[in-house]
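# Structural overview for review
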Amino acid sequence: MKNPLCWVILIGVAFLLIQQGLPVHSQGDSQSDNKVMDNITVRQGETVFLSCSQGDLVTHSAWLNRSSIMYAGVDKWSVDPRVSLVTLNQDEFTIKIENVDMTDEGQYICAVQTRSRATTTSVHVIVQVPPKITSLSKDVVVNEGSNVSLICAASGKPDPTVSWKVITPAAQVLTTEDEYLEIPSISRQRAGTYECTAVNDVATDVQTVELTVNYAPSLSEGKDVGVTLGQQGVLQCEADAVPAAAFEWYRDDRRVVNSFDGIEIEDSGALSQLTFFNVSEGDYGNYTCVAINELGSANASIVLFEVIEPTSSTLLQGLFSETTSTLLEFQTGSENYTVFEGPGAVQDGNSASRAAHTSTCLLILLALQLLLKF
């Protein structure tokens, strides 16, 4: 370096100014010997360029940070590999710092020495940091009626705003702008996914917590089932429970299990099915479904009853019985009347042919009844 004495004087003046502390400005402020530039705001991980004006009369110039010389002319004094020279000529002296971090925030000074005096240009670098959620409640499992407290803490610059909201079930509306979310005496309807969001001017960070609420089983109302002898019958039992319920089936006080002949029990999630592949007389009766988990139990009663399948003979017999019980014919004086008791009405029968037709129908029905007896 040429003229080491000038470097000593220049750097000494710069450090003196740093120790005294130059004010931080958000707008340019020009003075005769000391100039303050606008603050430079940069996001963490980006590159910042530091530049100051030169001139024909400049003999020496240097860039300094809070504690050390970064560049003295074209000579690099900093050992930081992120710092490098961009431009040094009669117009400007520019260096850059890559991958900026929070430790790079602070004041920087460009010191310039002319033949007559030393001048400085200072600039304050502000490093913004994206929000990062640093502390979050783990997934929570509680029993119904418990008090729940969720926490979400975040860091960043500027300081982030933290808020909570419910993601699922979507029908719920719950939003709070606080690190803590308190839910007193929680119900099963409040179980779901809760989202914590941390926001600042730079970015957004989002994380979720799963909240599980345990509760004892409750059963849907049992539906009785009618089955014809020899056919297949299925009894169904559905339980609402967390954790999922285990099922048991009983006939009176006797437990029904899969080892019974012609019976199968199949559990699938919240549903249990008891299947009879070939219903016998002994299968008809009352059955009890019991759902059990660690918080309690519930039961429901279901009846398997017999359904008699109609045959052709029983259909004819029923038709004849209904018809003959309501049809009466009688004659008064010279007039004939046909009386239908029940669903029919009294009809005038003055015609002899009409009376004969009715008698014929009656004879046919009597013949059918005799045939059915054999």
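The preceding data block contains the structure.
Below, the structure is looked at part by part. (Residues numbered from 1 in each chain as written. Predicted model: local features only at pLDDT ≥ 70, side-chain atom pairs only at ≥ 80, totals over all residues. Heavy atoms only, no water.)

## Here we look at the state of the cysteines
Convention followed: When two cysteine sulfur atoms are found within 2.5 Å, that pair is recorded as a disulfide. Helix numbers and strand numbers start at the N terminus; a helix is a DSSP run of H or I with at least 4 residues, a strand a run of E with at least 2.
The tally for this structure, following the rule as stated, stands at three disulfides. Disulfide pairing is shown between cysteine 152 and cysteine 196; the S-S distance is 1.8 Å. Sign of the S-S torsion, about -75° for the bond between cysteine 152 and cysteine 196, identifies this disulfide as left-handed. Of the two residues, cysteine 152 sits in strand β12 (residues 148–157) while cysteine 196 sits in strand β16 (residues 192–199), which places them 44 residues apart along the sequence. For the protein, numbering the cysteines in disulfides from first to last along the sequence yields the connectivity 1-2, 3-4, 5-6.

## Side note on the sheet that holds strand β3 (residues 48–53)
For clarity, the cut-off: By the convention used here, strands pair only if DSSP detects at least 2 bridges between them. The axes used here are C-alpha line fits, helices contributing only the stretch in contact, and every angle between their N-to-C directions lies in the interval 0 to 180 degrees.
Here three strands make up an open sheet; going across it, the order is β3-β8-β7 and the pairing antiparallel. Here the strands that pair on one side only, and so sit at the sheet edges, are β3 and β7 (83–88). Neighbour to neighbour, the strand axes of the sheet diverge by 20° on average, direction disregarded. Bridge count between β3 and strand β8 (residues 92–97): six bridges; the pairing is antiparallel.

## A look at the side chain of glutamine 54
Let me state the cut-off plainly: What qualifies as a polar contact is a pair of N or O atoms within 3.5 Å, subject to a donor-acceptor requirement within protein and to the restriction that residues adjacent in sequence count only when both atoms come from side chains. Contacts between residues were defined by any pair of non-hydrogen atoms, one from each residue, lying within 4.5 Å.
Following the sequence through the fold, glutamine 54 ends up in the loop between β3 and β4 (58–64). Of the polar contacts made by the side chain of glutamine 54, one reaches the side chain of serine 61; its length is 3.2 Å. Other than its neighbours up to four places away in sequence, glutamine 54 contacts Ser61, Leu88, Asn89, Gln90, Asp91, Glu92, Phe93, Cys110 and Val112.

## Digging into the sheet that holds strand β24 (residues 285–293)
An order of β18-β25-β24-β20-β21 is seen for the five strands of this open sheet, with the pairing classed as mixed. Bordering the open sheet on either side are β18 (225–227) and β21 (254–256), each of which pairs with just one other strand. Strand-to-strand twist of the sheet, defined as the mean angle between neighbouring strand axes without regard to direction, takes the value 35°. Looking at chain direction, β18 and strand β25 (residues 296–306) are connected through three bridges and run parallel. Pairing of valine 227 across the sheet is with glutamate 306, part of β25.

## Looking at the pattern of salt bridges
For clarity, the threshold we go by: Here, a salt bridge means any Lys or Arg side-chain nitrogen found within 4 Å of an Asp or Glu carboxyl oxygen.
Under the criterion given, the structure shown has seven salt bridges. Beyond isolated ion pairs, a larger network of salt bridges with shared partners links Asp80, Arg82 and Asp104.

## Remarks on the layout of surface pockets
For the record, the criterion: Computed over the protein atoms alone on a 1 Å grid, cavities are sets of points where a 1.4 Å probe fits but cannot get out and pockets are open sets with protein on both sides within 12 Å along at least five of seven lines; a residue lines them when it has an atom within 4 Å of a point. Grid points are joined across faces, edges and corners, and a volume is the space filled by probe spheres set on the points. Think of it as three bins: nonpolar holds Ala, Val, Leu, Ile, Met, Phe, Trp, Tyr, Cys and Pro, charged holds Asp, Glu, Lys and Arg, and polar takes everything else, Gly as well.
The volume enclosed by the largest pocket comes to roughly 340 Å³. What lines the largest pocket is a set of 21 residues, and nearest its centre among them are Lys35, Ser53, Gln54, Val112 and Thr119. Of all the secondary-structure elements, those providing two or more residues to the lining of the largest pocket are β1 (34–36), β3, β9 (106–114) and β10 (118–136). Split into classes, the residues belonging to the lining of the largest pocket amount to six nonpolar, 12 polar and three charged.

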